[in-house]
Amino acid sequence: MTSLHINGPDAELEDRLDEELTAFNSRAAGGHERGGFTVRVNAPDATIVGGLTAWTWGDCAGIELLWVDGAHRQEGWGGRLLAAAEAEAGRRGCRTITVSTYSFQAPAFYVAHGYRETARIPGIPSPHEDIYFIKPLPAEPAATE
């Protein structure tokens, strides 16, 4: 008998949903595959100072997570992480990049780096806002022989 279950984290379910939805979305979007990448900043002792996770899908890219350790903020690592992700997205043929951030996180940071606000959802999480940004990426120069 088919049944409904509410559980905690479920790696098997998450893997299955990712596999099925990725396949569906790829077909619906004309065969474009979704891929991910990371950008990392290491201290000399190899500890992680900051990092970024992102995805590409067709000609779009999105930043999922961007973090810099508090002891290394104001050293420009956030901007360098962002620039590296934008460059990698461009190499992958992306024309736009998106990101969302909460009102208590870094909206001014993204605006300062050329992102334009496209949506704001109040109360996520209450009393804050979830803010969405987009930025066009420069076209990759044509290869020369």
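Look above for the structure.
Throughout what follows, the structure given in this document is the object of discussion. (Residues numbered from 1 in each chain as written. Predicted model: local features only at pLDDT ≥ 70, side-chain atom pairs only at ≥ 80, totals over all residues. Heavy atoms only, no water.)

1. Comments concerning the overall build of the protein
Of regular secondary structure, the protein possesses three helices and six strands. Referenced to the eigenvectors of the C-alpha coordinate spread, the extents of the protein come out at roughly 60 × 50 × 40 Å. The proportion of buried residues among the 145 residues of the protein is 26%. Surface accessibility of the protein: about 10100 Å² in total, with carbon and sulfur atoms responsible for 56%. For the protein, the separation between the mean place of its 12 positive charges and that of its 20 negative charges on side chains is 6 Å. (Helix = DSSP H or I, 4+ residues; strand = E, 2+ residues; numbered from the N terminus. Buried < 20%, exposed > 50% of the residue type's maximum accessible area, 1.4 Å probe, protein only. Areas by Shrake-Rupley, 256 points an atom, 1.4 Å probe, with all protein chains shown as cover. Lys, Arg positive; Asp, Glu negative; His and termini not counted. Charge placed at Lys NZ, Arg CZ, Asp CG, Glu CD.)

2. Regarding the sheet that holds strand β5 (residues 116-122)
An order of β1-β2-β3-β4-β6-β5 is seen for the six strands of this open sheet, with the pairing classed as mixed. With one partner strand each, in any of the chains shown, β1 (34-42) and β5 form the two edges of the open sheet. Across the sheet, the axes of successive neighbouring strands diverge by a mean angle of 20°, strand direction being ignored. Note that strand β2 (residues 48-57) and strand β3 (residues 60-68) share eight bridges and pair antiparallel. Bridge pairing in β3 links G51 to W67. (Pairing = 2+ DSSP bridges. Axes fitted to C-alpha atoms, helices over the stretch in contact; angles between N-to-C directions.)

3. Thoughts on the nonpolar core
One broad rule of soluble globular proteins: the nonpolar side chains tend to lie buried together. Formed by 22 residues in total, the largest nonpolar core has its most connected members in L52, I63 and Y115. A per-element tally of this core places helix α2 (residues 77-91) first, with four residues. (Core = buried A, V, L, I, M, F, W, Y, C linked by side-chain atoms within 4.5 Å.)

4. What to know about the pairing of β1
In this structure, β1 lies alongside β2, joined through nine bridges in antiparallel fashion. Note on β2: the bridge partner recorded for V41 is G50. Adjacent in sequence and paired antiparallel, β1 and β2 are bridged by five residues, among which A46 carries a positive phi angle near 80°.

5. Concerning helix α1 (residues 11-28)
Between the first and last C-alpha of α1 there are 25 Å, a value that for 18 residues agrees with the 26 Å anticipated at 1.5 Å per step. Near the N-terminus of α1, the side chain that reaches the backbone nitrogen of E12, with its oxygen 3.2 Å away, is that of D10. Backbone geometry just after α1 places G30 at a positive phi near 80°. (Expected span 1.5 Å × (residues − 1). Polar contact = N/O pair within 3.5 Å; in protein donor to acceptor, adjacent residues only side chain to side chain.)

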